[in-house]
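Analysis of the macromolecular model
Here's the letter readout for the chains.
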Amino acid sequence: MSTRINPDHCIACTTCVVHCPVADATSKFLGPRMIGPAYERFRLLGLNEDPSLHYCSNCKNCDITCPHGVPVSSLNMMARADQCKKTPPGLRDWILGHGELMAKWLHLIPAVFKNFGMLNPVTRQVLHRLGIHKRAPLPAFAGRNFRTLARRVKQPETGRNVVFYPGCYVDVYDPQTGLDMIWAMNRAGYKVIVPQDIVCCGLPMVANGFWQHARSNAEHNLRALAQWRDQGLPVVTGCPSCALMFRVDLPEYFPDLDAKYGACRLDDAQDFLLACADSGDLDTSPGKSLQDQPDMRIIYHAPCHLRAQGNGLPSLELLRRLPGVSVSDAHAGCCGISGSYGFKTEKYDIAQEVGAELFAAVRESGADISASECGTCRVQIRHGSGKDCLPPVSILRSRLEAGGKSKKE
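The notes below deal with the structure included here. (Residues numbered from 1 in each chain as written. Predicted model: local features only at pLDDT ≥ 70, side-chain atom pairs only at ≥ 80, totals over all residues. Heavy atoms only, no water.)

1. Some thoughts on the overall build of the protein chain
Scanning the protein chain from N- to C-terminus turns up 23 helices and eight strands. Taken along the three principal axes of its C-alpha coordinates, the protein chain extends 70 × 50 × 50 Å. Burial analysis of the protein chain (409 residues in total) assigns 57% to the buried set. Contacts in the protein chain between residues at least 24 apart in sequence constitute 76% of all its contacts with a sequence separation of at least 6. Here the protein chain displays about 17,600 Å² of accessible surface, and carbon together with sulfur accounts for 54% of that area. Of the charged side chains in the protein chain, 46 are positive and 40 negative; the average position of the first set lies 5 Å away from that of the second. (Helix = DSSP H or I, 4+ residues; strand = E, 2+ residues; numbered from the N terminus. Buried < 20%, exposed > 50% of the residue type's maximum accessible area, 1.4 Å probe, protein only. Contact = heavy atoms within 4.5 Å. Areas by Shrake-Rupley, 256 points an atom, 1.4 Å probe, with all protein chains shown as cover. Lys, Arg positive; Asp, Glu negative; His and termini not counted. Charge placed at Lys NZ, Arg CZ, Asp CG, Glu CD.)

2. Describing unusual backbone geometry
Among all residues except glycine, the phi angle is most often negative; among peptide bonds, the trans geometry is most common. One non-glycine residue, Thr 14, adopts positive backbone phi at about 70°. Inspection of the secondary structure assignment puts Thr 14 in the segment before α1 (15–18). Here the phi dihedral of Asn 58 falls at roughly 60°; this positive angle occurs in a residue that is not glycine. With respect to the secondary-structure elements, Asn 58 resides in the loop between α3 (32–44) and α4 (61–65).

3. What about the packing of aromatic side chains?
As enumerated under the stated definition, the model contains ten aromatic pairs in all. With a centroid separation of 5.0 Å and 70° between ring planes, the pair formed by Tyr 190 and Phe 272 is classed as edge-to-face. Placement of Tyr 190 in the loop between α12 (175–187) and β2 (191–193) and of Phe 272 in helix α17 (residues 269–279) is noted, with a sequence separation of 82 residues between them. Overall, Tyr 190 belongs to the buried group, its relative accessible area being 13%. Ring pairing ties together the aromatic residues Phe 141, Tyr 169 and Tyr 173, which thus form one cluster. (Phe/Tyr/Trp six-rings, centres within 6.5 Å; stacked < 30°, edge-to-face > 60°.)

4. Topic: α17
All of the buried residues along α17 are Ala 269, Gln 270, Phe 272, Leu 273, Leu 274, Cys 276 and Ala 277. Among the structural elements, β1 (161–164), α12, β3 (235–237), β4 (267–268), α20 (314–320) and α23 (392–400) are those in contact with the buried residues of α17. Immediately downstream of α17, the backbone of Gly 280 shows phi near 95°, a positive value.

5. Brief notes about a nonpolar patch on the surface
A contiguous nonpolar surface patch, about 320 Å² in accessible area, is contributed by Phe 42, Leu 45 and Leu 47. In this fold, Leu 45 is placed in the loop between α3 and α4. (Patch = residues over 30% accessible without salt bridge, like charges linked within 9 Å, V, L, I, M, F, W, Y side chains within 5 Å. Salt bridge = Lys/Arg side-chain N within 4 Å of Asp/Glu carboxyl O.)

6. Some remarks on helix α14 (residues 211–230)
When the terminal C-alpha atoms of α14 are compared, their 28 Å separation across 20 residues agrees well with the 28 Å that a helix rising 1.5 Å per residue should span. The largest bend in α14 is about 30°, located at Ala 224. Burial in α14 covers these residues: Trp 211, Ala 214, Arg 215, Asn 217, Ala 218, Glu 219, Asn 221, Leu 222, Ala 224, Leu 225, Ala 226 and Trp 228. Positive phi shows up at Gly 232, right after α14, with a value of about 80°. (Expected span 1.5 Å × (residues − 1). Bend = angle between axes of the 7 residues up to and from the residue.)

7. Structural notes on the nonpolar core
If you look at the biggest cluster of nonpolar residues, it comprises 56 residues, and the most contacted ones within it are Tyr 165, Trp 211, Leu 225, Phe 246, Tyr 253 and Phe 254. Looking at this core, the elements with two or more residues in it are α5 (72–86), α6 (91–97), α13 (203–207), α14, α15 (240–253), α16 (255–261) and α21 (348–364). For this core, the leading source of residues is α14, giving seven residues. Setting aside its immediate chain neighbours within four residues, Leu 225 contacts Tyr 165, Pro 195, Ile 198, Val 235, Phe 246, Cys 264 and Leu 266. (Core = buried A, V, L, I, M, F, W, Y, C linked by side-chain atoms within 4.5 Å.)

8. Here we look at the packing of α12 against α23
As a packed pair, α12 and α23 sit with axes 9 Å apart at the nearest point and diverge in direction by 55°. Judged on the interaxial angle alone, α23 and α12 are oblique. With respect to the hand of their crossing, α12 and α23 are arranged in left-handed fashion. Residue-level inspection shows Gln 176, Thr 177, Leu 179, Asp 180, Met 181, Trp 183, Ala 184 and Arg 187 of α12 in contact with α23, the latter providing Val 393, Ser 394, Leu 396, Arg 397 and Leu 400. Taken together, the residues that form the contact of α12 with α23 break down as seven nonpolar, three polar and three charged. (Axes fitted to C-alpha atoms, helices over the stretch in contact; angles between N-to-C directions. Parallel < 35°, antiparallel > 145°, perpendicular 65-115°, else oblique. Left-handed = near helix turned anticlockwise from the far one by under 90°. Nonpolar A, V, L, I, M, F, W, Y, C, P; charged D, E, K, R; others polar.)

See below:
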């Protein structure tokens, strides 16, 4: 069971309020200080919850900026869990919180029919009435999930292994990014192990109020990944939200599971590749054919859940290592999507307002392409800016694939 966080660690400095993108975009949210530490004192007295709680997007900007390290977002998510025990979430929130399970149920339907059924105008009107905005940029299901495709990849036996946790977005909607990650790891001299017995990290369930489902997934994953951790193998993920869930949220939400199975830290896959480049294992120097490629200008967006981990911007640095590439940091705040937050009818316009500065930065940058590690950030950037957005590892592959073999080979 989770333990309550002491709200008195908050000194009411309002730094979190200044940096909260939702409070800046709408008056419907009282702000992280009020709805987090301040209102927690009322919760401890058993008083009724403030409805403003549900406007917290769990973007973690309050946690990033708090000078005393108060996990404000965790206070909010735990309070939401308590509220949802009393008033269970509806069908809309169940759908948005269980994307992986929905994909499993629909796996027998070909992707073209599955996506037509989900994304056609009639269905979108029905979903809008259900609470999923008709203009929300719902991602399309892939024809085959990543874990299925990964089993077919012929990898070199290098004597060095790395375990890759793909996360739901790559597994269900964007398997090509996962395949690009395998290619990059192979180029760096590592064979990639993709566990088949893992499930969603649980963050979408937490955000939508399904706390016990998140706990069940957490226990399943900690048990499944412990074998690789105990072998001393690096375990990485390309998804910042998955990494944050394992590193920070699970120990806070479910400390008993952390004590039972031990911490299972998921390292950032881009950070891993950057270390490989630093060591010389990942060759980013131009081959003859790479020298003939045109220069590329990229604008990079750092996901909020990456910044919350405090390990820098490894993808930005990695892209800057590529020859013929110039990369600028958008440095324009949250994109607004926050997982499934921006899909919801009552929050769609708020999410668009939150991301407006970023969308403008992308449009006005003059860049050829934008880049971000987070799948839903990429969806939101495309939707809000009208410009394409790619995962950094895919740009890495497209620039290096023609450039020859790695130094290790």
